[in-house]
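What follows is the residue order along each chain.
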Amino acid sequence: MVRRRVTILDVAAEAGVSIASVSAALNERPGVSDATRARILAVAGELGWVPSLRGRSLSGKRAYAVGLVIERPSSVIESDPFFAGFLAGVEVVLSRKGYALVLQLADNRSAAIERYRRLALDHRIDGAFLTDMAQNDARVPMLQDLELPAVAVNPAPNCGVPAVRQDHLPGLEQLMHRLIDLGHRRIAHVAGRRGLIHTRQRVEVWRSAVTEAGLKPGAPVYGDFSTESGSRAADRILAGPGEWPTAVVCANDLMAIGFIARASSLGVDVPGQMSVTGFDGLEIGAYVRPALTTVATSPRALGEAAARLLLGILGGEQLADVDVPATVPLYRESLAAPPAERAVSRRRAHG
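All figures in this text were calculated on a predicted structure; none of them were measured in a lab. (Residues numbered from 1 in each chain as written. Predicted model: local features only at pLDDT ≥ 70, side-chain atom pairs only at ≥ 80, totals over all residues. Heavy atoms only, no water.)

*Asks:* Lay out the pattern of salt bridges in plain terms, naming residues and giving numbers.
*Replies:* A complete count under the given rule lists 13 salt bridges for this structure. The residue Glu114 makes a salt bridge to Arg117 at a minimum N-O spacing of 2.9 Å. Of this pair, Glu114 and Arg117 are both found in helix H7 (residues 109-121), 3 residues apart, which corresponds to roughly one turn of the helix. Under the relative-accessibility criterion, Glu114 is labelled partly exposed at 35%. (Salt bridge = Lys/Arg side-chain N within 4 Å of Asp/Glu carboxyl O. Helix = DSSP H or I, 4+ residues; strand = E, 2+ residues; numbered from the N terminus. Buried < 20%, exposed > 50% of the residue type's maximum accessible area, 1.4 Å probe, protein only.)

Take a look at the structure:
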C-alpha cells in the first residue's frame, strides 16, 4: 500500500500550532519563537515530512533547481568518470538544501547556449553551472542578460561571473619537468577540444616546458577527450614522418588509455619504447596496464565548491571566488626513461 505523503497540515495538527507557524519554521522565516520552531522541526522529523519542491516553487516563485548543460558527446559522458565525480559533489550539497539538478547534454556550443536559454526562460532553474569554459564565453553575457545567476568552473580571470578554480598548471608542469629530467627529448602532445581554456592552458604548459629545455615542440594533435580520439591520435603520431616521440602527454586520461591501447596493438612497447601520460587522475588509470601516469584533479571538490557558491549567491550572499587545492602528478608504470637513456644507465651499472 502506498503511504500518504505527510503535509504541513499534519505537522500543524501534531504540533498544536497554526499552518502559518509551521510554514515559517520549515522555511526558516521569522514569526515563531525558537522554542516553537524547534518543536515544529522535531514533529516534522518524527512524521517523516519532506518538502514539496512544487509547493515551494509556487509559493516562493522559485524552481528550487539549478542547471548544467554538459557540452560533450554522450559517448564521452558514458565513459568519463570525471563528470560523475563533479556531479556527485554537486548533488551532495544540493540535496542538503532541497534543491534539484537539471542536467542536459549538448553536442556543440550553440546547442548548449540554446538549452541554457530555454531553461532560464521557462523558469525551470534558479541558477546555472558553466563548465568547459572558453575565452570570452558566449554563455556568460547570455545568462547575464537573462539575470540568471551562474557559477563558472575553471574559467579565465575576470570572466564576468563567480567562479571555482583548480590550478591545473602545477601538476602538469611537474610532470613535464620529470619527463625532461628522465632524458626525453621528443615529447608529443595530444590536446583536448580546440577553443577551451583548459585545452589552451595545457598546450601552453607543454610547449613552454619543451621550448625551455631547448627542444622543438612540434604541433599538438587535437582530440575530443574520448578514448576513440586517443586511438586516432596514436595512428597519426605513429604514421607521421621522422622518429617517433619517446613520450606522449595526453590532455585527459581517456585519450591516454585509447592511445596506449592502439599503440600496443601496433606493437609499440609502453613504456619501453614510448611513455604515455594522462590528465584527470581517474581511478581506472590505476588498473589499466601499464598503470597510467597522470595529473590528479579534484572533480568532487570542484562540484561541492561550485554548488555551495551558487546556493550562497541564490541566498543573497556576496561571496568571493573559490580555489580548491592545485593538481599534483601521479607517477605510475606508463612513465619511464627513454630507451637510449636506459641503455646508458645499464652500461654505467655494469661498467
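*Asks:* Got a sec to walk through unusual backbone geometry? Specific residues and values, please.
*Replies:* For the bond from Val270 to Pro271, the omega torsion is 10 degrees, close enough to zero to count as cis. Position of Pro271 among the secondary structure elements: in the loop between helix H12 (253-265) and strand S9 (275-277). Between Arg289 and the following residue, Pro290, the backbone shows a cis peptide bond with an omega angle of 0 degrees. Mapping Pro290 onto the fold places it in the loop between S9 and strand S10 (294-296). One non-glycine residue, Tyr64, lies in positive phi territory at about 50 degrees. When you line up the elements, Tyr64 lands in the loop between helix H4 (53-60) and strand S1 (65-70). Positive phi outside glycine occurs at Phe225, with the angle close to 80 degrees. Within the secondary structure layout, Phe225 lies in the loop between strand S7 (221-222) and helix H11 (227-238).

*Asks:* With reference to specific residues and values, describe the packing of aromatic side chains.
*Replies:* Here a ring pair, both rings aromatic, is described through the centre-centre distance and the interplanar angle of the planes. Within the structure shown, the criterion is met by 3 aromatic pairs. Seen in terms of ring centroids, Phe86 and Phe129 are 6.5 Å apart; in terms of plane orientation they differ by 85 degrees. Their pairing is edge-to-face. Pair noted here: Phe86 is in helix H6 (residues 81-96) and Phe129 is in strand S3 (residues 127-130), with a separation of 43 residues, a long-range link. A relative accessible area of 0% means that Phe129 is categorised as buried. The positively charged end of Arg194 is found above the aromatic ring belonging to Tyr222, 3.8 Å away from the centroid. Between Arg202 and the ring centre of Phe279, over which it is positioned, the NZ or CZ distance is 3.9 Å. (Phe/Tyr/Trp six-rings, centres within 6.5 Å; stacked < 30°, edge-to-face > 60°. Lys NZ or Arg CZ within 6 Å of the ring centre and 35° of its normal.)

*Asks:* Kindly report on the sheet that holds strand S2 (residues 100-105), identifying the contributing residues and their values.
*Replies:* Taken together, the 6 strands give an open sheet; going across it, the order is S2-S1-S3-S4-S5-S11, and neighbouring strands pair in parallel fashion. Two strands in the sheet have a free side with no partner beyond their single neighbour: S2 and strand S11 (322-324). On average, adjacent strands in this sheet sit at an angle of 20 degrees to one another, irrespective of strand direction. Pairing between S1 and S3: 3 bridges, direction parallel. The residue bridging Gly67 from the neighbouring strand is Ala128, located in S3. (Pairing = 2+ DSSP bridges. Axes fitted to C-alpha atoms, helices over the stretch in contact; angles between N-to-C directions.)

*Asks:* Account for a negative patch on the surface, naming residues and giving values.
*Replies:* Negative charge collects at one region of the surface, where Asp167, Glu173, Glu212 and Asp323 lie side by side. Here Glu173 lies in helix H9 (residues 169-181). By relative accessible area, Glu173 is classed as partly exposed at 35%. (Patch = residues over 30% accessible without salt bridge, like charges linked within 9 Å, V, L, I, M, F, W, Y side chains within 5 Å. Areas by Shrake-Rupley, 256 points an atom, 1.4 Å probe, with all protein chains shown as cover. Lys, Arg positive; Asp, Glu negative; His and termini not counted. Charge placed at Lys NZ, Arg CZ, Asp CG, Glu CD.)

*Asks:* Can you tell me about the side chain of His198, naming the residues and giving the values?
*Replies:* As for its placement among the helices and strands, His198 is situated in helix H10 (residues 197-212). Non-local contacts of His198, meaning those with residues more than four positions away in its chain, are made with Arg72, Asp132, His168 and Phe225. (Contact = heavy atoms within 4.5 Å.)

*Asks:* I'd love a proper account of helix H13 (residues 299-314), names of residues and values included.
*Replies:* With 16 residues, H13 ought to run about 22 Å at 1.5 Å a step, and its terminal C-alpha atoms sit 22 Å apart, in line with that. Of all the residues in H13, the buried ones are Pro299, Leu302, Gly303, Ala305, Ala306, Ala307, Leu309, Leu310, Leu311, Gly312 and Leu314. In this structure, the buried residues of H13 make contact with S1, H6, S3, strand S4 (150-153), strand S5 (163-166) and S11. Once H13 ends, the next one or two residues include Gly316, with phi positive near 90 degrees. (Expected span 1.5 Å × (residues − 1).)

*Asks:* Outline the environment of Gly242, supporting the account with residue identities and numerical values.
*Replies:* Positionally, Gly242 belongs in the loop between H11 and strand S8 (247-250). Gly242 gets classed as exposed once you look at its relative accessible area, which sits at 67%. Counting along the chain gives 175 residues from Gly242 to Gly67, while the straight-line C-alpha distance between them is 48 Å.

*Asks:* Please provide a residue-by-residue account of H9, values included.
*Replies:* Counted at 1.5 Å a residue, the expected span for H9 with its 13 residues is 18 Å, and the 18 Å between its end C-alpha atoms agrees. All of the buried residues along H9 are Gly171, Leu172, Leu175, Met176, Leu179 and Ile180. Next to the buried residues of H9 lie strand S6 (187-191), H10, S8, S9, S10 and strand S12 (328-330).

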